[in-house]
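One letter stands for each residue in the lines below.
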Amino acid sequence: MKTMHALVLHRVGDVRFESIPCPEPGPGQVRVRVGYCGVCGSDIPRLFEKGTYRFPLVCGHEFAGTVDLCGPDVAGFEKGQIVAVFPLIWCGHCPACERGHYAQCLNYSYLGSRENGAFAEYVVAPARNLLPVPEGVSLEEAAMTEPAAVALHALRRTGRNLTGLTVAVFGCGPIGLLAALWARLGGAVKILLFDVAEEKLALARSLGFSMAFSAEEEDPVSCIERETRSQGADVCIEAAGVPATLIQACSACGRGGQVVLLGNPSADVVLPAPLLSQMMRREVTVVGTWNSEYGVYTTSDDWHTTLSAMAAGQFNVQPLISHKVPLVQAVEMLQAMRQRQVPFVKVLISP
Ligand SMILES: [Zn+2]
Ligand SMILES: [Zn+2]
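Not measured: the values here are computed from a predicted model.

**Thoughts on the coordination of the zinc ion (ligand 1)**
Thinking step 1. Note on the zinc ion (ligand 1): its protein donors are C40 (SG) and H61 (NE2). The metal-donor distances range over 2.2 to 2.3 Å. Taken together, the residues span a long stretch of sequence, with C40 in the loop between strand 3 (29–38) and helix 1 (43–50) and H61 in the loop between strand 4 (57–58) and strand 5 (62–70) at a distance of 21 residues.
Thinking step 2. For C40, a relative accessible area of 16% gives the class buried.

Now the structure itself:
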């Protein structure tokens, strides 16, 4: 039997570099040779604290690779072709799937949390989850499609054309930075970013965001008040998942504005009554965002839009890739990330 290398999670905190059988594509499936797989913010707690839906399991859901082998009944792909892969496997029958909202599927599976993902040499996925990567987009950039699509989706959830608007982003991790890049591409005139980590702010500035502020040195709410002449931000993106930043986002949101819940929540949040009252007066909308829109019958979905923008040179994710680590050294890297021993932005693992 053909084997491959993979990072196998046996139980919480027990992740090993091992040889396991290479997956065979069934009907309608394609085996993809993984080029790069990004480490998501959610992977660290998944590996070391919360665990996953079953063990043993191979994690990793932000990836791109090349077509290796097509299963029976699969047409339209060639061996060696570069593809990005939507990691959510939708059922195709539930009301959400029938409307094409695959991320809202009621009976979904997920590569990297419910079934084997891409911290491995190979992964098997349904052919309909594969998106050919256009010319001019490298394998490592293509591996950034998932987080970039998630960030785009968060901005689209506001339902607004961003031209001329002020956008505030709380949290300069990869998703926060990607959201800021989309806001700029969408025509936002003023983009304010906040974080507590100086190296993340430095990266934000190097991406051309001159208004990147330390939330430790200055209260973000008064900063936004000053920069908007007390009008508040039109759109506030909460991308840290921390109670304090959600309260800041709600406090700094202007009249008719939107607060987007993007960061994974880390604790309960108490909204003081005066703040709620202020949000009511200002008619602030709080919107949730989840995953991204992937389209089979459209090209305006988040995934196609992301890859087209990358191919057109409008959306450069390269500066966000801080590390490229071979699979054999990945366990060490993941542990270092968990213990925050290294400053990192997006870490890509390559077999
Ligand atoms: Zn993710
Ligand atoms: Zn479904």
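**Concerning the packing of aromatic side chains**
Thinking step 1. Under the defined criterion, the tally for this structure stands at ten aromatic pairs.
Thinking step 2. With 5.8 Å between their ring centres and 85° between their planes, Y294 and W303 make a pair best called edge-to-face. Like Y294, the residue W303 is buried in the burial classification.
Thinking step 3. Three or more aromatic residues link up through ring pairs in this structure, and these residues are F86, W90, Y102, Y294 and W303.
Thinking step 4. Sitting over the face of the ring of Y108, R114 holds its NZ or CZ atom 4.4 Å from the ring centroid.

**Concerning the domain arrangement of the protein**
Thinking step 1. Split by domain assignment, the protein resolves into domain 1 (3–148 + 292–350) and domain 2 (158–288).
Thinking step 2. Computed from C-alpha coordinates alone, the two centres of domain 1 and domain 2 are separated by 28 Å.
Thinking step 3. Every contact between the two is made by 15 residues of domain 1 and, on the other side, eleven residues of domain 2.
Thinking step 4. Counting each side, the surface lost to burial between domain 1 and domain 2 is near 1100 Å², with a carbon and sulfur contribution of 81%.
Thinking step 5. Contact with domain 2 buries surface across domain 1, with F315, L320 and V345 losing the most and accounting together for 43% of the total.
Thinking step 6. Between the two partners, domain 1 and domain 2, sit one residue pair in polar contact (both at pLDDT 80 or more).
Thinking step 7. Mapped onto the side of domain 1 that touches domain 2, the elements with two or more residues apiece are helix 4 (145–156) and helix 10 (302–311).
Thinking step 8. Looking at the side of domain 1 that touches domain 2 element by element, the count peaks at three residues for helix 10.
Thinking step 9. A class-by-class count of the residues in the side of domain 1 that touches domain 2 yields nine nonpolar, five polar and one charged.

**Topic: helix 7 (residues 220–227)**
Thinking step 1. Burial in helix 7 covers these residues: P220, V221, C223 and I224. Taken around the axis of helix 7, the buried residues stretch over an arc of 160°, which confines them to a single face.
Thinking step 2. Among the residues trailing helix 7, R229 stands out with phi positive, at a value near 50°.

**Details of the sheet that holds strand 1 (residues 3–11)**
Thinking step 1. In spatial order, the strands read 2-1-4; together these three strands make up an open sheet with antiparallel pairing. Pairing within the sheet leaves two strands with one partner each, and these edge strands are strand 2 (14–21) and strand 4.
Thinking step 2. Across two bridges, the pairing between strand 1 and strand 4 is antiparallel. Considered in strand 4, the bridge of V8 is made with V58.

**Topic: the pairing of strand 11 (residues 166–170)**
Thinking step 1. Counting buried residues along strand 11, five of its five residues qualify, which places the element largely inside the surrounding structure.
Thinking step 2. Side chains of strand 11 alternate between two faces, with T166, A168 and F170 and V167 and V169 buried alike.
Thinking step 3. With five bridges joining them, strand 11 and strand 12 (residues 190–195) adopt parallel strand pairing. Along strand 12, the bridge assignment pairs T166 with K190.
Thinking step 4. One crossover worth recording links strand 11 to the parallel strand 12 by way of helix 5 (residues 174–185), and it is right-handed.
Thinking step 5. Across four bridges, the pairing between strand 11 and strand 14 (residues 233–238) is parallel.

Quick notes on the rules
- Residues numbered from 1 in each chain as written.
- Chains lettered and ligands numbered in written order.
- Predicted model: local features only at pLDDT ≥ 70, side-chain atom pairs only at ≥ 80, totals over all residues.
- Heavy atoms only, no water.
- Donors = N, O, S within 2.8 Å, 3.2 Å for Na, K, Ca; no water.
- Helix = DSSP H or I, 4+ residues; strand = E, 2+ residues; numbered from the N terminus.
- Buried < 20%, exposed > 50% of the residue type's maximum accessible area, 1.4 Å probe, protein only.
- Phe/Tyr/Trp six-rings, centres within 6.5 Å; stacked < 30°, edge-to-face > 60°.
- Lys NZ or Arg CZ within 6 Å of the ring centre and 35° of its normal.
- Domains from an automatic or database assignment.
- Contact = heavy atoms within 4.5 Å.
- Buried area = accessible area lost by both parts, 1.4 Å probe.
- Polar contact = N/O pair within 3.5 Å; in protein donor to acceptor, adjacent residues only side chain to side chain.
- Nonpolar A, V, L, I, M, F, W, Y, C, P; charged D, E, K, R; others polar.
- Arc of directions from axis to C-beta.
- Pairing = 2+ DSSP bridges.
- Right-handed = clockwise from strand over helix to strand, strands pointing away.

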